[in-house]
Amino acid sequence: MAVAYIGLGSNIGDREAHLKSAVDQLVRTKGITPRRVSSIYETAPVGYTDQPDFLNAVVEIETTLEPTELLAETKVIEVDQKRRRLEHWGPRTLDLDILLYDQLEVNLPRLKLPHPEASSRAFVLVPLAEIAADSSVLSGKTAGECLADLEDTAGVDLYKRNWVKLDL
Ligand code: GSY
């Protein structure tokens, strides 16, 4: 059994409903058991900035799936939730990114672990550090340490706590 962290993001339509649907479908997926969910944060877009603000959150799961199997399941969820992405870096209904999978380092064309954004992006680090500040996101550096290193977390605002209830 591995512990993994999945980043959720949405910036089209009913963003909160998209994040909820993602968690619901994670709960229903064989081999995946969500254990903790961060608060939702409203975040200014990074990269291509001429697009709506995102809602971002992070889910901690236990999983019996291998990393590539987990990746495949996240893609199924994106498609099932009718993900629309108009441009490669542009708005999307729902994004699921595997951020961490135990302490595993993976460098495949479609899967890099830890996720390259996990150690540098406030929209990832703020929700990740909320539920797993001690998780290692960059050669021994924790999410909490990387978050402390950021110059600021402007553009990442708490949007909602306790937005989903897990039957543990
Ligand atoms: O990397 C995921 C998609 N994405 C995001 C995001 O989820 N949140 C914010 N704030 N900016 C982003 N830019 C991209 S691309």
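Conventions and cut-offs
Residues numbered from 1 in each chain as written. Predicted model: local features only at pLDDT ≥ 70, side-chain atom pairs only at ≥ 80, totals over all residues. Heavy atoms only, no water. Helix = DSSP H or I, 4+ residues; strand = E, 2+ residues; numbered from the N terminus. Buried < 20%, exposed > 50% of the residue type's maximum accessible area, 1.4 Å probe, protein only. Contact = heavy atoms within 4.5 Å. Core = buried A, V, L, I, M, F, W, Y, C linked by side-chain atoms within 4.5 Å. Axes fitted to C-alpha atoms, helices over the stretch in contact; angles between N-to-C directions. Parallel < 35°, antiparallel > 145°, perpendicular 65-115°, else oblique. Left-handed = near helix turned anticlockwise from the far one by under 90°. Near = heavy atom within 4 Å. Polar contact = N/O pair within 3.5 Å; in protein donor to acceptor, adjacent residues only side chain to side chain. Areas by Shrake-Rupley, 256 points an atom, 1.4 Å probe, with all protein chains shown as cover. Nonpolar A, V, L, I, M, F, W, Y, C, P; charged D, E, K, R; others polar.

We now examine the environment of isoleucine 6. Topologically, isoleucine 6 is positioned in strand β1 (residues 2–10). Overall, isoleucine 6 belongs to the buried group, its relative accessible area being 0%. With 12 residues separating them in the primary sequence, isoleucine 6 and histidine 18 have C-alpha atoms 15 Å apart. When neighbours within four sequence positions are excluded, isoleucine 6 is seen to be in contact with Leu26, Ala57, Val58, Val59, Ile61, Leu70, Thr74, Leu96, Asp97 and Leu99.

The subject of this paragraph is the nonpolar core. One finds Leu8, Leu19, Leu70, Leu96 and Trp163 to be the most contacted residues of the largest nonpolar core, which totals 28 residues. Excluding residues that lie within four positions of it along the chain, leucine 70 makes contacts with Ala4, Ile6, Ile32, Ile61, Thr63, Leu65, Ile98 and Tyr101. Counting residues in hydrophobic clusters, the runner-up holds 15 residues, among them Val124, Leu128, Val137 and Cys146.

Let's shift gears to the packing of helix α1 (residues 15–28) against helix α2 (residues 67–80). Between two packed helices, both the angle of their axes relative to each other and the distance between the axes serve to describe the pair. For the pair α1 and α2, interaxial distance at closest approach is 10 Å and the crossing angle is 135°. Judged on the interaxial angle alone, α2 and α1 are oblique. Helix-helix and strand crossings are classified by hand; for α1 and α2 the assignment is right-handed. Here α1 contributes Ala22, Gln25 and Leu26 to the contact with α2, which in turn contributes Val76, Ile77 and Asp80.

Here the focus is the site of the ligand. Taken together, Thr43, Ala44, Pro45, Val46, Phe54, Asn56, Arg92, Asp95, Asp97, Glu117 and Phe123 make up the full set of residues near the ligand. One nitrogen or oxygen atom from the side chain of threonine 43 is found 2.7 Å from a nitrogen atom belonging to the ligand. Take asparagine 56: an N or O atom from its side chain is 2.9 Å from an oxygen atom of the ligand. Protein contact buries 93% of the 360 Å² of open area that the ligand shows by itself. Going through the elements one at a time, β4 (54–63) and β5 (95–101) are the ones with two or more residues in the shell around the ligand. Residues of the shell around the ligand, tallied by class, amount to five nonpolar, two polar and four charged.

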